[in-house]
Amino acid sequence: MTARFRPVAGYMVFVAVLLTVPAVFTRVPFYTLSTAVLMVLLAIGALGLVPLTGLARQVSIGQAAFYGIGGYTSAVLTVRYHVDPWWGLLAGVVLAAAVAWSLGAVIFRAQGHYLSLATLAFGLAVAALVNELPVTGRNAGISGLPPLRILGASLTTDLPFYWLCAGLLLVATVAVHLLLRSPVGSALTAAGDSPIAAAAAGIDISALRRTAFVVSAVLASVAGSGYAHWFRYVDPSMLGLLNSVQLLIIITVGGRESVWGAPLGAFTVVTLAEVVRGRLPGSEAGAELTAYGVVLVLSLLLLPRGLAGLPAALRRRARGAR
Amino acid sequence: MSPAVFEVQDLTVRFGGVTALDGLSLRHDSGGVVGLIGANGAGKTTFVNVLSGVVRPARGRAFLDGRDLTGLAAHKIARAGLTRTFQNLRLFGSLTVLDHLLVPYGARNHGRQRALALLAEVGLAGTESRRPAELAYGEQRRLELARALALDPRIVLLDEPLAGLAGSESDELLSLFGRLRDGGTTLLLIEHDVPSVLRISDRVLVLDRGRLLADGTPAEVASDPEVRQAYLGDDDVRD
Amino acid sequence: MEHIPGYVLIGLSTGTTYAVIGLGIALVYQVSGIINFAQGDFVMLGGLTFAFTAEQGAHPVVAAALALTVTAGCGAALHLAVLAPARDAGHDRLIVLTIGASILIQGSAVLVFGADQHFAAPFGGDRQFQAFGVSISAQYLWCAAAAAAVAAAVWALLSRSQTGRAMRAVAADRETARLMGIAPLRMGLIALLLAAVLAGIGGVVLAPIQPPDATAGVPLGLKGFTAAVLGGLTSPLGAIAGGLVVGVVEAVVTGLVSSGYRDTIVYGLLVAVLLVRPGGLLIAAVRERL
Ligand SMILES: Nc1ncnc2c1ncn2[C@@H]1O[C@H](COP(=O)(O)OP(=O)(O)OP(=O)(O)O)[C@@H](O)[C@H]1O
Ligand SMILES: [Mg+2]
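Residues numbered from 1 in each chain as written. Chains lettered and ligands numbered in written order. Predicted model: local features only at pLDDT ≥ 70, side-chain atom pairs only at ≥ 80, totals over all residues. Heavy atoms only, no water.

In the nomenclature of an unreviewed UniProt entry, chain C corresponds to Branched-chain amino acid ABC transporter permease from the organism Paractinoplanes aksuensis. Regarding chain C, the relevant UniProt record gives this comment under Subcellular location (unreviewed entry): "Cell membrane". If you open the UniProt record of chain C and go to Sequence similarities (unreviewed entry), you find "Belongs to the binding-protein-dependent transport system permease family. LivHM subfamily." (UniProt positions renumbered as here; feature names shortened; annotations may be inferred.)

In the nomenclature of an unreviewed UniProt entry, chain B corresponds to ABC transporter ATP-binding protein from the organism Paractinoplanes aksuensis.

Below is the structure:
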């Protein structure tokens, strides 16, 4: 297969997998349609980290804030103001983008380390705020969200909701893929490889990183809104630090530099969480955290390009062995 | 008086206790090749870093064509027509050779043909789909140079562009520098190989512990007793 | 308003712990350029080991010694097994690695100690003292004493010992230090070990006041970051001052506004500091040679 047709083949496999998931997940043990929905939503959220973390090498530990902004905007607008869910989702996207844009305007004047610290602090500050504000329902959260509707039909059950999310994931994947292959993608890569050389080549790295940050915020927000309308309930745990870390794990394990990293990572991480839950001795939270920590560290040390980079790594090894 | 091609006034840079540039002032009016020599640690790279916006000076100002560059972001300086290469190579490890020449600001407008021509000019024809790790060291150096030229700069700061190159390779590059100068680009050439610098430069600056030790035509500098003693003589012993 | 001196006193008391954590973060960052997201978890680990062992009936000194051994071992393991093998990775991977280490430590702590809080008795018995109209646990005196002791020890190490000079050389200029025969990696190990022990000490003296559970490290680490960043991130002394400032801001905000918005404001403060000070921070960031 030539390199030229590899993306097309990739999409054929991807669509085939998305189409067969409902059939497979209802027939094999411990996978259910809800796990499938969760994986797809997490994949959408993690996808935004490919340009930001994978290419521009900026580590955000605050994505749960945008996930939460999406979920809570949807919840507040639909429950308190009876806005149509789609408008709620759109408003979440706009708000998340605006917040990321303004935050990015100042954060990216500094170097990489500070982004991680600033996003971490920002995420926790937003989480603490949501926990206190009356409009977000304090620690009780907001319940009774309406389901999303398409062509007049409410998506109240898992199957139609899965199809919707799978469609969104496909669209998001294509969009991010086009971004990666555009001049912006090469510039992001350059800025990630050597920020100083990129700047010396006239690239405005702060603006570029900020753009990637906004993209990541938008996708996290979409995932958050989707989750809120599926679960019909939001609470401050949505903004928990572990959710931010989980997206980071997904993209690291799956592969940060490729759009396929997000779905691969989401599948692996959700599967892993299901496997260790109740199977390892001790409490569930402990087992889950430990497992996350182990796969994160191991994949960074042994498989720096993640699962998506595995075929290329194997090809290289095979060539080297000959 | 028309503005200088570049000018610095009272430029001072400190790193902790080290004063890398110590009140450096100079102006250059006429283009051509300006050689910059000096012992290890004399402040040559720091000078490039300040002009290109990577390091903020503690004091002093820098101008390009009369425009104040001090405090300007590095990418704005590059867009204003001043580009540079790096002494320790800083290539984009994940990008192809061709992409290195398309990524710089505005370079894409010149198109692929122009990028390929530039590659041929520096002797990298045929390598366009490789990545830096697949290039020989000398080729990597030339890619640094080509990337700096891709923005069509008014002035290029070359930080030891010949280091580690074989004699024939460095002769080719020296003649490329000559062609660039004839095309109107000003070059600031930092180089440890003093004879090469003296041969190609129109003006030579000698930096010593952050100060200007000598400044003049190659002939003047080569005969300056202080330079001979402090730098050229030293150089024989050291290398 | 008349309560402010009291709040400041409370703030200074809690701030000493943040100072110790921030000191460890600044040390590691200065020497290896790594932001160690697991620093707060070392504090948790130290406190939890101490409280848990003390609950089992061990003598407090034995428990404290065990706690410090565990954190030191964990710090060494983090460096040798995780950071050193990845030394050529970019800082982005290193950050994610320390995040991985952080959740690994948290998870293991839950597996070993359970998810619940553990309790340790205050060192000199359960006493309070009164000042400026507030009542403060006497245990805070231990915290302050520990902070002062470690600050003095770190200062002595950095300025008086050969190792300390080597560490400062690596911090100032890695490449030159390497040329002078100093191994930056070994200095990184020492810095991380030191940071882990500092965190362990902080955890032990804090345990009687804030009974630790496995998640206790996250907010502590965050406040340590704020402290370190306030202090310029590479300055040990600055980190200590920063820790006290964080403590005071936190206490005054809690006293005057409401405890509910405390976290929002303290984390908001970190964001604000990062946003306001990038100029000063940038200088530290251009340590790499071109
Ligand atoms: N980022 C930095 N941090 C600390 N010190 C620095 C830094 N950059 C340069 N220096 C110091 O400033 C002085 C001047 O260094 P510079 O790199 O400009 O010298 P140079 O003339 O380019 O030397 P060489 O011929 O070795 O390239 C040296 O003493 C160097 O150690
Ligand atoms: Mg130099």
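That shown, we press on.
Residue and element names in this part refer to chain B. Split by domain assignment, chain B resolves into domain 1 (6-81 + 153-238) and domain 2 (91-151). One C-alpha centre belongs to domain 1, the other to domain 2, and the line joining them spans 24 Å. Across the interface of domain 1 and domain 2, roughly 1200 Å² is buried in total on both sides, 69% from carbon and sulfur atoms. On the domain 1 side of the interface with domain 2, the three residues burying the most area are Arg79, Pro153 and Leu176, jointly 33% of the side's total. Counting across the interface, domain 1 meets domain 2 through two salt bridges. In this structure, the connection of domain 1 to domain 2 is made through four residue pairs in polar contact (both at pLDDT 80 or more). Counting residues per element, the ones that place at least two in the side of domain 1 that touches domain 2 are helix 2 (74-79), strand 7 (155-159) and helix 6 (167-182). Tallying contributions element by element places helix 6 first for the side of domain 1 that touches domain 2, with seven residues. (Domains from an automatic or database assignment. Buried area = accessible area lost by both parts, 1.4 Å probe. Salt bridge = Lys/Arg side-chain N within 4 Å of Asp/Glu carboxyl O. Polar contact = N/O pair within 3.5 Å; in protein donor to acceptor, adjacent residues only side chain to side chain. Helix = DSSP H or I, 4+ residues; strand = E, 2+ residues; numbered from the N terminus.)

Our next topic: the packing of aromatic side chains. Within the structure shown, the criterion is met by 16 aromatic pairs over all chains. Between the aromatic rings of Phe37(C) and Phe225(C), the centroid separation amounts to 5.0 Å while the plane-to-plane angle is 55°, which identifies the pairing as tilted. Of this pair, Phe37(C) sits in the loop between helix 1 (4-32) and helix 2 (39-55) while Phe225(C) sits in helix 9 (residues 217-230), and the two are 188 residues apart along the sequence. A relative accessible area of 9% means that Phe37(C) is categorised as buried. For Phe225(C), a relative accessible area of 3% gives the class buried. Within the aromatic cluster, the residues linked to one another by ring pairs are Tyr67(A), Phe161(A), Tyr227(A), Trp230(A) and Phe231(A). (Phe/Tyr/Trp six-rings, centres within 6.5 Å; stacked < 30°, edge-to-face > 60°. Buried < 20%, exposed > 50% of the residue type's maximum accessible area, 1.4 Å probe, protein only.)

Moving on, we get to the UniProt feature "transmembrane region" (unreviewed entry) in chain C. Residues and elements named next belong to chain C. Summarizing the sequence annotation, UniProt attributes the feature "transmembrane region" (unreviewed entry) to residues 6-27, 60-82, 94-115, 139-158, 188-209, 229-253 and 265-286 in the numbering used throughout. Within the segment residues 6-27, helix and strand shares are 100% and 0% respectively, and the terminal C-alpha atoms sit 31 Å apart. Annotated as residues 188-209, this span is 86% helix and 0% strand, and its ends, taken at the C-alpha atoms, are 32 Å apart.

Moving on, we get to the sheet that holds strand 2 (residues 18-28) of chain B. Residue and element names in this part refer to chain B. As summarised here, the arrangement of the four strands in space is 2-1-4-5, forming an open sheet in which the pairing is antiparallel. In the strand order of this sheet, the two ends are held by strand 2 and strand 5 (67-68), each with one partner. Relative to strand 4 (residues 59-64), strand 1 (residues 6-15) is paired through five bridges, and the arrangement is antiparallel. Bridged to Thr12 within strand 4 is Arg59. (Pairing = 2+ DSSP bridges.)

Residue and element names in this part refer to chain A. Closest axis-to-axis distance for the helix 11 (residues 241-254)/helix 12 (residues 261-276) pair is 7 Å, and the angle between their directions is 110°. With respect to their mutual orientation, helix 11 and helix 12 come out roughly perpendicular. In terms of crossing hand, the pair formed by helix 11 and helix 12 is right-handed. Contacts between helix 11 and helix 12 involve Gln246, Ile249, Ile250, Ile251, Val253 and Gly254 on the former and, on the latter, Gly261, Ala262, Leu264, Gly265, Ala266, Thr268 and Val269. Counted by class, the contact of helix 11 with helix 12 contains eight nonpolar, five polar and no charged residues. (Axes fitted to C-alpha atoms, helices over the stretch in contact; angles between N-to-C directions. Parallel < 35°, antiparallel > 145°, perpendicular 65-115°, else oblique. Left-handed = near helix turned anticlockwise from the far one by under 90°. Contact = heavy atoms within 4.5 Å. Nonpolar A, V, L, I, M, F, W, Y, C, P; charged D, E, K, R; others polar.)

Here we come to the sheet that holds strand 8 (residues 186-190) of chain B. All names here are of chain B. Reading across from one edge, 6-7-8-3-9-10 is the order of the six strands in this open sheet, with mixed pairing throughout. Edge positions in the open sheet fall to strand 6 (82-84) and strand 10 (211-216), since each of these has one partner strand only. Neighbour to neighbour, the strand axes of the sheet diverge by 20° on average, direction disregarded. Note that strand 9 (residues 203-208) and strand 10 share five bridges and pair antiparallel. Bridge pairing links Asp208 to Arg211 in strand 10.

We now examine the pattern of salt bridges. The tally for this structure, following the rule as stated, stands at 19 salt bridges over all chains. In this structure, the salt-bridge partner of Arg179(B) is Glu121(B), at a minimum N-O distance of 3.3 Å. Taken together, the positions of Arg179(B) in helix 6 and Glu121(B) in helix 4 (residues 107-121) put the pair 58 residues apart, joining distant regions of the chain. Residues Asp182(B) and Arg181(B) are paired through a salt bridge, measuring 3.7 Å at the closest nitrogen-oxygen approach. For Arg181(B), a relative accessible area of 24% puts it in the partly exposed group. Members of the salt-bridge network, linked through shared partners, are Glu257(A), Arg305(A) and Arg93(C).

Below, the discussion takes up the side chain of Ser13(C). Residues and elements named next belong to chain C. Among the secondary structure elements, Ser13 is positioned in helix 1. Given the relative accessible area of 11%, Ser13 is considered buried. Excluding anything up to four places from it in sequence, Ser13 contacts Ile136 and Tyr140.

The next thing to look at is empty space enclosed by the protein. All names here are of chain B. Counted under the stated rule, the structure contains five cavities of 30 Å³ or more. In this model, the largest cavity occupies a volume close to 70 Å³. Lining the largest cavity are Val50, Leu51, Gly53, Val55, Arg56, Pro57, Ala62, Leu69, Thr70, Gly71, Leu72 and Ile77. Per-class residue counts for the lining of the largest cavity are eight nonpolar, three polar and one charged. (1 Å grid on protein atoms, 1.4 Å probe; cavity = no way out; pocket = protein on both sides within 12 Å on 5 of 7 lines; lining within 4 Å. Points joined across faces, edges and corners; volume = space filled by probe spheres on them.)

All names here are of chain B. Taken together, the protein ligands of the magnesium ion (ligand 2) are Thr45 (OG1) and Gln87 (OE1), with distances of 1.8 to 2.1 Å. In this pair, Thr45 is assigned in helix 1 (residues 44-51) and Gln87 in the loop between strand 6 and helix 3 (97-102), connecting sequence segments 42 residues apart. Exposure remark for Gln87: the relative accessible area of 23% places this residue in the partly exposed category. (Donors = N, O, S within 2.8 Å, 3.2 Å for Na, K, Ca; no water.)

Within the largest apolar cluster, 197 residues are counted, with the highest numbers of intra-cluster contacts made by Leu47(A), Phe66(A), Phe161(A), Tyr162(A), Phe47(B), Phe37(C) and Phe225(C). With 13 residues, helix 10 (residues 205-231) of chain A is the single largest residue contributor to this core. Both domains that meet at this core, namely domain 1 (6-81 + 153-238) and domain 2 (91-151) of chain B, each give it at least three residues. With near-sequence residues (within four places) excluded, Leu47(A) lies in contact with Leu169(A), Ala172(A), Thr173(A), Val176(A), Leu219(A), Val259(A) and Ala262(A). (Core = buried A, V, L, I, M, F, W, Y, C linked by side-chain atoms within 4.5 Å.)

Glycine aside, a negative phi is what most residues show, and trans is what most peptide bonds show. All names here are of chain A. A positive phi angle, near 55°, is found at His82, a position not held by glycine. Here His82 lies in the loop between helix 4 (63-81) and helix 5 (85-107). Phi angles above zero are rare outside glycine, and Arg232 is one such case at about 60°. Here Arg232 shows up in the loop between helix 10 and strand 4 (233-234). Owing to a relative accessible area of 31%, Arg232 belongs among the partly exposed residues under this scheme.

Here we take up the interface of chain A and chain C. Chain A puts 48 residues into the contact, and the matching count from chain C is 45 residues. Of the roughly 4000 Å² buried between chain A and chain C, counting both surfaces, carbon and sulfur atoms make up 79%. Along the contact surface separating chain A from chain C lie two salt bridges. The partner of Asp92(C) in a salt bridge is Arg256(A), with the nearest N and O atoms 3.1 Å apart. Viewed at the interface, chain C and chain A are joined by five residue pairs in polar contact (both at pLDDT 80 or more). Of all the secondary structure elements, the ones that give two or more residues to the side of chain A that touches chain C are helix 5, helix 6 (112-130), helix 11 and helix 13 (284-302) of chain A. Ranked by residue count, the leading element in the side of chain A that touches chain C is helix 6 of chain A, at 13 residues.

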